[in-house]
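Observations on chain architecture
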Amino acid sequence: MCIVFVEYRIEKEYRTSYLTWAAVLKQQFEQMDVYEGAEQPGLFVEIWNGLSDEAYAAMKAARTGTITPGLPDETEEGRLWRRIDPWIAGGRGKVHIWKFTRITP
């Protein structure tokens, strides 16, 4: 299990559409929370808890447009994320995803 951060900037004119989409997304994925930069309006970070390695790999491939061996490019998950591509400042290439795993000292 891991925690995943997904960061991107939404263009100002799409903010309302994005917030509506994020609310629907939250209903579908309870393990996700969305935050907006207090000092940088329009900068959003999703925090995902408890994803398996496989779920993370599928999400990253769908969000960034990379092809994961064995996974088709045109998946339901891919279509879900492509919905916001036009809203992201700089497009899909500006989506940043980081995975962290818990360490026990």
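If you're wondering where the values come from, they're calculated on a predicted model, not measured in any experiment.

The next point concerns helix α2 (residues 53-64). Spanning 12 residues, α2 covers 16 Å between terminal C-alpha atoms, matching the ideal 16 Å at 1.5 Å per step. Along α2, the residues that are buried comprise Tyr56, Ala58, Met59, Ala61, Ala62 and Arg63. Positive phi appears at Gly65, one or two residues downstream of α2, with a value of about 80 degrees.

This brings us to the pairing of strand β1 (residues 2-9). Sheet topology note: the β1/strand β3 (residues 43-51) ladder contains eight bridges and is antiparallel. Counterpart to Glu7 in the pairing with β3 is Val45. Pairing geometry for β1 and strand β4 (residues 96-100), over five bridges, is antiparallel. Across the sheet, the residue bridging to Ile3 is Phe100, located in β4.

Strands sit in the order β2-β3-β1-β4 across an open sheet of four strands; the sheet is antiparallel. Strands with a single pairing partner mark the edges of an open sheet, and in this sheet they are β2 (32-36) and β4. Recorded for the sheet is a direction-independent mean angle of 20 degrees between the axes of neighbouring strands. Here β2 pairs with β3 via five bridges, running antiparallel. Directly across from Glu36, in β3, lies its bridge partner Phe44. Contacts from α2 reach β1, β3 and β4 within the one sheet, and its direction differs from that of β3 by about 155 degrees.

So, on to the side chain of Glu7. Considering the arrangement of structural elements, one finds Glu7 in strand β1. At 6.2 Å, Arg9 is the nearest oppositely charged side chain to Glu7, a buried residue that forms no salt bridge.

Once that is clear, we can look at helix α1 (residues 15-28). In this model, α1 (14 residues) spans 20 Å end to end at C-alpha, consistent with the 20 Å of a helix rising 1.5 Å per residue. Those residues of α1 that sit buried are Tyr18, Trp21, Ala22 and Leu25. With its buried residues spanning 105 degrees around the axis, α1 presents them on a single face. Opposite its buried face, α1 presents the exposed residues Thr16 and Gln27, each directed more than 90 degrees away.

How each quantity is defined
Residues numbered from 1 in each chain as written. Predicted model: local features only at pLDDT ≥ 70, side-chain atom pairs only at ≥ 80, totals over all residues. Heavy atoms only, no water. Helix = DSSP H or I, 4+ residues; strand = E, 2+ residues; numbered from the N terminus. Expected span 1.5 Å × (residues − 1). Buried < 20%, exposed > 50% of the residue type's maximum accessible area, 1.4 Å probe, protein only. Pairing = 2+ DSSP bridges. Axes fitted to C-alpha atoms, helices over the stretch in contact; angles between N-to-C directions. Contact = heavy atoms within 4.5 Å. Lys, Arg positive; Asp, Glu negative; His and termini not counted. Salt bridge = Lys/Arg side-chain N within 4 Å of Asp/Glu carboxyl O. Arc of directions from axis to C-beta.

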